[in-house]
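Observations on chain architecture
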Amino acid sequence: MATEHKLRIVIIGAGFGGLYAARKLAHLPVQITLIDRKNHHTFQPLLYQVATAGLSPGEIAAPIRWIVRGQRNIEVLLGEVRDFDLENRRVKLADVELPYNYLIVAAGASHAYFGHDEWEPLAPGLKTIEDALEIRRRVLLAFELAERQAAAGGPALPLNFVIVGGGPTGVELAGTLAEISRQVLANEFQSIDPKNTRIILLEGGPRVLPSYAEVLSRSAEEQLRQLGVEVHTSAMVTKVEPADVWMGDTRLPAAVILWAAGVAASPLGKKLGASVDRAGRVLVNPDLSVPEHPEIFVIGDLAALKDEHGKMLPGVAPVAIQEGAAAARNIERDLHGKPRENFHYFDKGSLATIGRAAGVAQFGTLHISGFIAWLSWLFIHIFFLIGFRNRIIVLVQWAWSYFTYERGARLITGDQRLPSWEELQHEAQTSTVQSRQRVS
Ligand SMILES: Cc1cc2nc3c(=O)[nH]c(=O)nc-3n(C[C@H](O)[C@H](O)[C@H](O)COP(=O)(O)OP(=O)(O)OC[C@H]3O[C@@H](n4cnc5c(N)ncnc54)[C@H](O)[C@@H]3O)c2cc1C
């Protein structure tokens with residue numbers, strides 16, 4: 001229950017930023033309200049494992065209420081924040097308004113479709129557990145539909161998986177999908193050969209993993225090719241249709257299209273009335289507060305801040321975590337009458353995994369590729385996973401699938417239709433009829 005006389009700090013979002021801010025503030029004599037539209041915190045770096053059937057949702061997510069249990073001054077509320085009354089310092093949900101003395105907005109970001117929101121149902125992105133389950137459904141269903149079609153003697157359909165965007169998520173998805181088709185499912189079908197699946201990664205820029213050193217981009221591309229992924233750089237997608245991806249006049253038929261390009265910050269950023277960048281991120285002060293509103297902090301993927309070299313801080317978990325802690329420290333300094341500190345990001349390095357035992361890592365000037373990079377990725381990410389039980393389960397699952405090539409969460413749930421399938425069938429039938437007519 002909220003205690004009336006205590007300072008009230010409202011935190012929006014229990015992702016990396018919001019959760020670490022709440023934990024840092026918990027020892028102060030304040031009342032904290034942590035609001036999220038989901039009842040769980042999602043460990044986004046492992047979402048691709050849920051999307052590719054390696055892990056189940058409960059292994060990478062934990063109830064927010066459970067995470068902060070025992071912290072009597074943190075109240076958790078399930079709800080979506082819609083707007084603010086900045087003058088009267090209130091946060092607006094659909095049916096309630098909550099007052100605050102301090103506000104920390106950590107609502108994160110989502111995918112952007114370059115102004116083509118109509119592409120979203122055709123090419124899901126990966127941000128939430130629901131997204132991961134939808135991707136898993138489509139990927140596994142495509143193999144099943146292809147098998148059924150072939151078993152019934154129908155024309156073979158192109159089993160192409162097209163991933164748009166060659167950043168870390170696109171690279172992870174492409175590498176793991178290649179592993180699934182080449183290893184995991186290789187001997188389980190009678191009428192199709194999953195090894196013939198084409199995994200196609202399209203990157204609009206000149207290289208994959210553009211935020212990494214060039215040598216690591218080249219290494220990642222090479223590792224992807226070895227796994228059987230077709231990598232196309234400078235491939236700008238201009239249109240997405242149910243069973244096709246277009247790059248200018250070039251059409252690529254696709255059974256499954258996945259979106260891993262573009263980031264759009266939460267729309268809450270714009271509602272704070274401050275300046276935002278092109279992705280909708282709030283241009284915060286060096287102490288992470290919003291200009292003209294020292295009582296409001298914006299952190300994580302929703303904040304735009306440059307480091308001391310003028311480089312924009314990346315949208316990664318360590319930035320959000322450190323900003324959460326820094327915003328909490330500045331509130332504490334206010335309470336003690338001390339001047340605020342500017343935020344400094346301590347960059348511990350970047351890691352991206354590519355497949356079962358491949359990856360790249362960049363620690364300052366140290367560049368690592370291959371198995372060691374993958375192993376570092378695995379241990380660092382498991383260390384940050386919330387919940388001891390989850391860490392143990394994930395480690396065991398990983399060891400098991402490493403040695404056996406098995407993926408334990410291969411469940412198709414929900415709808416058994418694929419947006420592309422009818423179009424692909426129609427096209428295959430039309431071309432069969434045309435070729436028969438040509439023969440006769
Ligand atoms: C697939 C994927 C893989 C990634 N891999 C890595 C990686 O390997 N390493 C790495 O460092 N980073 C990785 N990232 C990036 C990292 O996850 C983000 O930088 C980080 O989560 C940002 O933290 P945040 O607190 O700003 O936002 P988030 O963690 O996204 O949390 C935002 C929270 O706000 C809630 N929310 C949003 N809007 C509202 C609203 N209106 N009302 C109430 N609640 C709301 C959401 O439900 C969510 O819980 C990955 C991201 C994705 C999507």
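We now turn to the structure provided with this report. Given the structure is predicted, the values throughout are model-derived calculations rather than measurements. (Residues numbered from 1 in each chain as written. Predicted model: local features only at pLDDT ≥ 70, side-chain atom pairs only at ≥ 80, totals over all residues. Heavy atoms only, no water.)

1. Quick word on the overall build of the protein
Applied cut-off: A helix here means a DSSP run of H or I that spans at least four residues, while a strand means a run of E at least two residues long, and both kinds are numbered starting from the N terminus. For the radius of gyration, the atoms used are the C-alpha atoms, and the globule rule reads 2.2 Å times the number of residues raised to 0.38. Burial status follows relative accessibility: with a 1.4 Å probe on protein chains alone, a residue under 20% of its type maximum counts as buried, one over 50% as exposed, and anything between as partly exposed. Only heavy atoms matter for contacts: two residues are in contact if any of them lie within 4.5 Å across the pair. Note that accessible areas follow from Shrake-Rupley with a 1.4 Å probe, and for residues the cover is restricted to the protein chains shown. In summary, the charge assignment counts Lys and Arg as positive and Asp and Glu as negative, without counting His or the chain termini. By convention, the charge on Lys lies at NZ, on Arg at CZ, on Asp at CG and on Glu at CD.
Scanning the protein from terminus to terminus reveals ten helices and 25 strands. In terms of overall size, the protein behaves like a compact globule, its C-alpha atoms giving a radius of gyration of 23 Å where 440 residues would be expected to give roughly 22 Å. With the C-alpha coordinates of the protein rotated into their principal frame, the extents come out at 90 × 45 × 40 Å. Buried residues in the protein amount to 52% of all 440 residues. Residue pairs at least 24 apart in sequence account for 64% of intrachain contacts in the protein once pairs closer than 6 positions are excluded. Entry remark: accessible area of the protein is about 20700 Å², with carbon and sulfur atoms responsible for 52%. Positive and negative side-chain charges of the protein, numbering 45 and 47 respectively, have mean locations separated by a distance of 4 Å.

2. Let's talk about the pattern of salt bridges
Definition in use: The rule for a salt bridge is simple: a side-chain nitrogen of Lys or Arg has to be within 4 Å of a carboxyl oxygen of Asp or Glu.
A full pass over the atoms with the stated rule returns 20 salt bridges. Of the charged contacts in the structure, one is a salt bridge between Lys38 and Glu130, with a shortest N-O distance of 3.2 Å. With Lys38 in the loop between strand E2 (30–36) and strand E3 (40–42) and Glu130 in helix H4 (residues 129–151), this pair connects stretches of sequence that are 92 residues apart. Its relative accessible area of 40% is what places Glu130 among the partly exposed residues. Two residues, Glu97 and Arg90, come together in a salt bridge whose shortest N-O distance is 3.1 Å. What you see here is one network of salt bridges that share partners, running through Glu134, Arg137 and Arg138.

3. Notes on the sheet that holds strand E25 (residues 366–369)
In any sheet, the strands associate via hydrogen bonds between backbone groups, in a parallel or an antiparallel arrangement. Quick reminder of the rule: Think of it this way: DSSP has to see at least two bridges between two strands before they count as a pair. Where helices are involved, their axes are fitted lines through C-alpha atoms of the stretch in contact, as for all axes, and angles between N-to-C directions lie from 0 to 180°.
Read from one edge of the open sheet, three strands run E23-E24-E25, paired in antiparallel fashion. This sheet does not close on itself; its edge strands, each paired only once, are strand E23 (350–353) and E25. Going from strand to strand, the sheet's axes swing by 5° on average, the running direction of each strand aside. Where strand E24 (residues 359–363) and E25 come together, four bridges link them in antiparallel fashion. Each bridged residue has a counterpart across the sheet, and for Ala361 the counterpart in E25 is Ile368. Packed onto the sheet, helix H8 (residues 371–384) meets E23, E24 and E25 and runs at close to 105° relative to E23.

4. Considerations on the sheet that holds strand E12 (residues 198–202)
In space, the four strands of this open sheet follow the order E13-E12-E11-E17, with parallel pairing throughout. On the outer flanks of this sheet lie strand E13 (229–232) and strand E17 (256–259), each paired with one strand and no other. Across the sheet, the mean angle from the axis of one strand to that of its neighbour is 20°, orientation sign disregarded. Pairing between E12 and E13: four bridges, direction parallel. Bridged to Ile200 within E13 is Glu230. Packing of H4 onto the sheet brings it into contact with strand E11 (160–164) and E17, and relative to E17 it is tilted by some 160°.

5. Overview of the environment of Arg407
Note the cut-off: In protein, a polar contact means a hydrogen-donor-capable atom and an acceptor-capable atom, both N or O and within 3.5 Å, with residues adjacent in sequence counting only if both atoms are side-chain atoms; elsewhere, any N or O pair within 3.5 Å suffices.
With respect to the secondary-structure elements, Arg407 resides in the loop between helix H9 (388–404) and helix H10 (421–439). Measuring from C-alpha to C-alpha, the distance between Arg407 and Gln397 comes to 8.5 Å, with ten residues separating the pair along the chain. If sequence neighbours within four positions are ignored, Arg407 has contacts with Gln49, Thr52, Ala53, Gly54, Thr176, Glu179, Ile180 and Val184. Within the structure, Arg407 has its side chain in polar contact with the backbone oxygen of Thr52 (distance 2.6 Å).

6. Section: the site of the ligand
Just so we agree on the cut-off: Any residue with at least one heavy atom within 4 Å of a molecule or strand is counted as near it. In this classification, Asp, Glu, Lys and Arg are treated as charged, Ala, Val, Leu, Ile, Met, Phe, Trp, Tyr, Cys and Pro as nonpolar, and every other residue, Gly included, as polar.
If you check the shell around the ligand, you find 28 residues, and the closest are Gly17, Asp36, Gln44, Asp301 and Ala317. In this structure, an oxygen atom belonging to the ligand sits 3.3 Å away from a main-chain N or O atom of Phe16. Separating an oxygen atom of the ligand from a side-chain N or O atom of Asp36 is a distance of 2.6 Å. Surface burial for the ligand is 90%, taken as the share of its 990 Å² of free accessible area covered by protein chains. Counting residues per element, the ones that place at least two in the shell around the ligand are helix H1 (16–25) and helix H7 (317–335). Within the shell around the ligand, the residues separate by chemical class into twelve nonpolar, ten polar and six charged.

7. A short note on the nonpolar core
Quick reminder of the rule: For our purposes a nonpolar core is just a set of buried Ala, Val, Leu, Ile, Met, Phe, Trp, Tyr and Cys residues, chained together by side-chain atoms within 4.5 Å.
If you look at the biggest cluster of nonpolar residues, it comprises 69 residues, and the most contacted ones within it are Leu46, Leu159, Phe161, Trp398 and Trp421. In contact with Leu159, other than residues within four places in its own chain, are Ala142, Phe143, Ala146, Ile192, Thr197, Arg198, Ala255 and Trp421. Ranked by size, the runner-up nonpolar core spans 57 residues in total, among them Ile12, Ala21, Val30 and Ile32.

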